[in-house]
Amino acid sequence: MSIPSQKVSSSNKLIYQRLKQAIDLNLRRQIFIAACDDLCLRDCLAARLHTELIAESAGSDPRIDYPRFVSLELDLSEPNPWGSIAAWLTQHPPPQNRGSYSRLPGFQIIGAEHLTRQSASVQWSFLSYLRDIEANLQLCESALLLWVSRPWLSSIEQSAPEFWHWRTGVFEFEGEPTPAKEDLGHFEDLGNSGDLRNLRDSGDFGNQVLISSLSEQSPIPDEQFPISYPPSPAPDSKSVPLGDDEPSPPISYTPSPAPDSKSVQLADLVLAAASEDLEAENDAASEENFLPLQTLQYIELLQEHQCCSEALALAYHGLGNYYRDRILGGDVSEQNLTIAIRAIEQVIAYLEVDSNSQQNQPLTEECARLIAQLTENLTQYAQESNSLPPISDLLNDLGTLYWMLSRDRTNALNASDPVSSLERSIALYLEGLNRTDAETVPQTRVRLNKNLGIASADLARYRDKTENLQHAVAAYQQALLDLDPAVEPQQYAAAQNNLATAYWNLAQDGEPIVYLKSAIAAYTQALSCYSPEREPLNYAGVQNNLGTACWNLAQHQPSEPLLVRAISAYREALKYRTRELVPAAAAATYNNLGTAYWHLANQFQQKQARTESLQQAITAYEAALDIAGEIDRTKLTFDALAARNNLGLAHYQLATDPDFAANKVAQTSHLEAALHHQLQVCAEWGQYLNDKGLIYGDKLNLQAPANSQAADSRQTALSYIVKTIRAFYSECGLPGQNLALSKVPGDLLPEILRRL
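Keep in mind the model is a prediction, meaning the values are calculated, not measured.

## What about the overall build of the protein chain?
Consideration 1: Across its full length, the protein chain holds 26 helices and eight strands.
Consideration 2: Expressed as a percentage of contacts within the protein chain between residues at least 6 apart in sequence, the contacts between residues at least 24 apart total 76%.
Consideration 3: Approximately 33900 Å² of the protein chain is accessible, and the part contributed by carbon and sulfur atoms is 50%.

## Some thoughts on helix 22 (residues 607-628)
Consideration 1: Compared with the 32 Å implied by 1.5 Å per residue over 22 residues, the 31 Å span of helix 22 between its first and last C-alpha is a close match.
Consideration 2: Among all positions of helix 22, only Thr611, Ser613, Leu614, Ala617, Ile618, Ala620, Tyr621, Ala623, Ala624, Leu625, Ile627 and Ala628 are buried.

## Quick notes on the packing of helix 17 (residues 489-507) against helix 19 (residues 536-556)
Consideration 1: Packing of helix 17 against helix 19 leaves a shortest axis separation of 11 Å and a crossing angle of 25 degrees. Taken together, the axes of helix 17 and helix 19 are roughly parallel relative to one another. Handedness of the crossing formed by helix 17 with helix 19: left-handed. Only Val542, Asn545, Thr548, Ala549 and Asn552 of helix 19 make contact with helix 17, whose side of the interface consists of Asn497, Thr501 and Trp504.
Consideration 2: A class-by-class count of the residues in the contact of helix 17 with helix 19 yields three nonpolar, five polar and no charged.

## Looking at helix 1 (residues 10-24)
The periodicity of an α-helix, 3.6 residues per turn, causes residues three or four places apart in sequence to face the same way.
Consideration 1: Spanning 15 residues, helix 1 covers 21 Å between terminal C-alpha atoms, matching the ideal 21 Å at 1.5 Å per step.
Consideration 2: Turning to helix 1, its buried residues are Asn12, Lys13, Ile15, Tyr16, Gln17, Arg18, Leu19, Lys20, Gln21, Ala22 and Ile23.

## A closer look at the side chain of Asn468
Consideration 1: Relative to the elements of secondary structure, Asn468 occurs in helix 16 (residues 465-481).
Consideration 2: What makes Asn468 buried here is its relative accessible area of 7%.
Consideration 3: Residues in contact with Asn468, not counting those within four places in the same chain, are Ser456, Leu459, Ala460 and Arg463.

## Comments concerning the environment of Asp632
Consideration 1: By secondary structure assignment, the location of Asp632 is in the loop between helix 22 and helix 23 (640-655).
Consideration 2: A distance of 2.8 Å separates the side chain of Asp632 from the side chain of Thr634, its partner in a polar contact.

## Description of the state of the cysteines
Consideration 1: Within this structure, the stated rule accounts for zero disulfides.
Consideration 2: In this model Cys40 remains outside any disulfide bridge; the closest cysteine sulfur is found in Cys44, 9.3 Å from its own.

## Topic: the pattern of salt bridges
Consideration 1: Applying the stated rule across the entire model yields 21 salt bridges.
Consideration 2: Measuring nitrogen to oxygen at the nearest pair gives 2.9 Å for the salt bridge that ties Glu572 to Lys575.
Consideration 3: The buried category is assigned to Glu572, whose relative accessible area is 18%.
Consideration 4: Overall, the relative accessible area of 55% leaves Lys575 in the exposed class.

## Remarks on unusual backbone geometry
In most cases, non-glycine residues show a negative phi, while peptide bonds are predominantly trans.
Consideration 1: With phi around 45 degrees, Asp464 is a residue other than glycine that occupies positive phi space.
Consideration 2: With a phi angle near 50 degrees, Glu511 is a residue other than glycine that sits in the positive phi range.
Consideration 3: With respect to the helices and strands, Glu511 occurs in the loop between helix 17 and helix 18 (512-527).

## Brief notes about the confidence of the model for the protein chain
Consideration 1: In the predicted model, the protein chain carries a mean pLDDT of 76, and the fraction of residues at 70 or more is 75%.
Consideration 2: Across residues 98-102 the pLDDT falls below 50, and counting only partners more than four positions away or on other chains, this stretch makes 14 contacts in the model.

Rules used in this analysis
Residues numbered from 1 in each chain as written. Predicted model: local features only at pLDDT ≥ 70, side-chain atom pairs only at ≥ 80, totals over all residues. Heavy atoms only, no water. Helix = DSSP H or I, 4+ residues; strand = E, 2+ residues; numbered from the N terminus. Contact = heavy atoms within 4.5 Å. Areas by Shrake-Rupley, 256 points an atom, 1.4 Å probe, with all protein chains shown as cover. Expected span 1.5 Å × (residues − 1). Buried < 20%, exposed > 50% of the residue type's maximum accessible area, 1.4 Å probe, protein only. Axes fitted to C-alpha atoms, helices over the stretch in contact; angles between N-to-C directions. Parallel < 35°, antiparallel > 145°, perpendicular 65-115°, else oblique. Left-handed = near helix turned anticlockwise from the far one by under 90°. Nonpolar A, V, L, I, M, F, W, Y, C, P; charged D, E, K, R; others polar. Polar contact = N/O pair within 3.5 Å; in protein donor to acceptor, adjacent residues only side chain to side chain. Disulfide = S-S within 2.5 Å. Salt bridge = Lys/Arg side-chain N within 4 Å of Asp/Glu carboxyl O. pLDDT = per-residue confidence, 0-100.

Put into structure tokens, the structure is as follows:
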């Protein structure tokens, strides 16, 4: 195919290099669409692509004489691209012993722009053939490149959605439409396409963009999943180092099974993820984006050669590590979690094949050469994947990923049931524990038991609450047996905190005094190992939890010392839970502190101490609401309206206290503050009902529990407003009542006056 002359702009050079780079991967089922309205430029680029790919395939391996890339002209009388490909393959059958390096050639189809001069029936038949892509996928084992004009690009997207869905990438070249081919001058060299690290294009990438890049990658650090959720940390997952200075042991040859449906599904997931990464707006294709694609190519060739199972396990482990690192970096999407899960499942499956196989043949020469060549050519990331962790660590990692998937689904908009993921997570942790033995390091058992406890506690939210919480308690207790607080104080404190939280949850359903005392003891043990200087936020979190457990126990076993202890714990927590560092947590603790002071004032204290406690409660509630007003309400972990209602109630109690009768100014001030907060609560509940399109009092529209609760809460707020207005009259006479009524919005006055 001769190369026409054409001057190519710099932007078109980059797009061309990206297109060539994508085809260079030679992976299966790549469907590319190239849009170009300038036919001279199109012919130039297509010819250049054909020539360069043919030249590269001829030089890569002298044993290969089957073409790697074929250019076909679309038959306008029968515009069936699949038929054209099948006809070429019939005339040029592939050699019988062609090896793994040259599956079916790639094809580029040109001439579709001429369909605009054909009849409508011919044009529709072309689109119909494209829609039949799924029936012809066996012809797309390598790349298919369809050259079209921009109008045809839009038509394919709208009228051949099946083909559009299967697209791997769309590359749009710049250029004005031209009616005929002309010689537009010298073809400018596209440059050295060997270095593909800094290229960009304006192409629209579809479902499976496959672009290769070579780079260096630093070793994966040896660390744990830094993921936590209050009040207990998330399961930790050991991150296995992928490189060391010692040579890896030789791999014995246990032939691997043929690729199964799971490996194919995993490959499709990886390709779709890579496509979305590169399709994202303003996303610059980095070298790291190509790592999973290179690993897929590595896996394909290993499978085709039936290389040893351990080599495939190593490759899948490297793929799983890539997505694990993305998750560690904060990209905790269901897609990344699913890919990481499938990759580690493949690792375990191939290790099981290896351990159960009776064959122990030496590595074949071809497999050894293939592994050595690919390892040399792949990135540093893949080279360092030369060791596998113990099976118990793999099961722990897999269990943690399933746990994270249950959390992701719980938080998703259209969340599916997380129970199945939690059950799978628990089963994997238990299997990991069963795989441990006397030689297993205690830290592995600790990790598995802690994670088993957390997953069991999560499952308790959905079913068999008491039973699953008891399982969680047993798991945490088992983990604590393997932990020395003097050696690992942080791990010990975290396990005690988790244990205490499980006890606290058990106390909500039965035997509250027993379980709450156990929770307080465990929280106290956790505090003995947390240093406020080294871990201020963890220390503050446990102090907050201890305060809540003490307050909760005081509701079942009234005790002034328990409330005093709760207040002391909350105040200690607020030394480190500041509004500047963690505003939502600080607001929650201030709310807890206000509630503890309120209960102390109303249950145990004499008049003077009662007044001081109510004033402290007011100060704490005001601080909580002040912080809550500065942050997103969705980040709050307490009911801000309930806090405002309690604030109004504390003001009312102070105003009606006999000790305030002599101080009319202070009394009026507290009554005005009480009325102000009560009116705000009433207004917000009324607004909620209005937003739902409900009329207050219309019981037919209040069947939903949330709406019914809102109506009841508004009713309660109205009752408090009426009570406060009566207090105005009782303490300040008719002028006081008139002052109060002047502050009531006009739309509320009819309801208020009826009640008065």
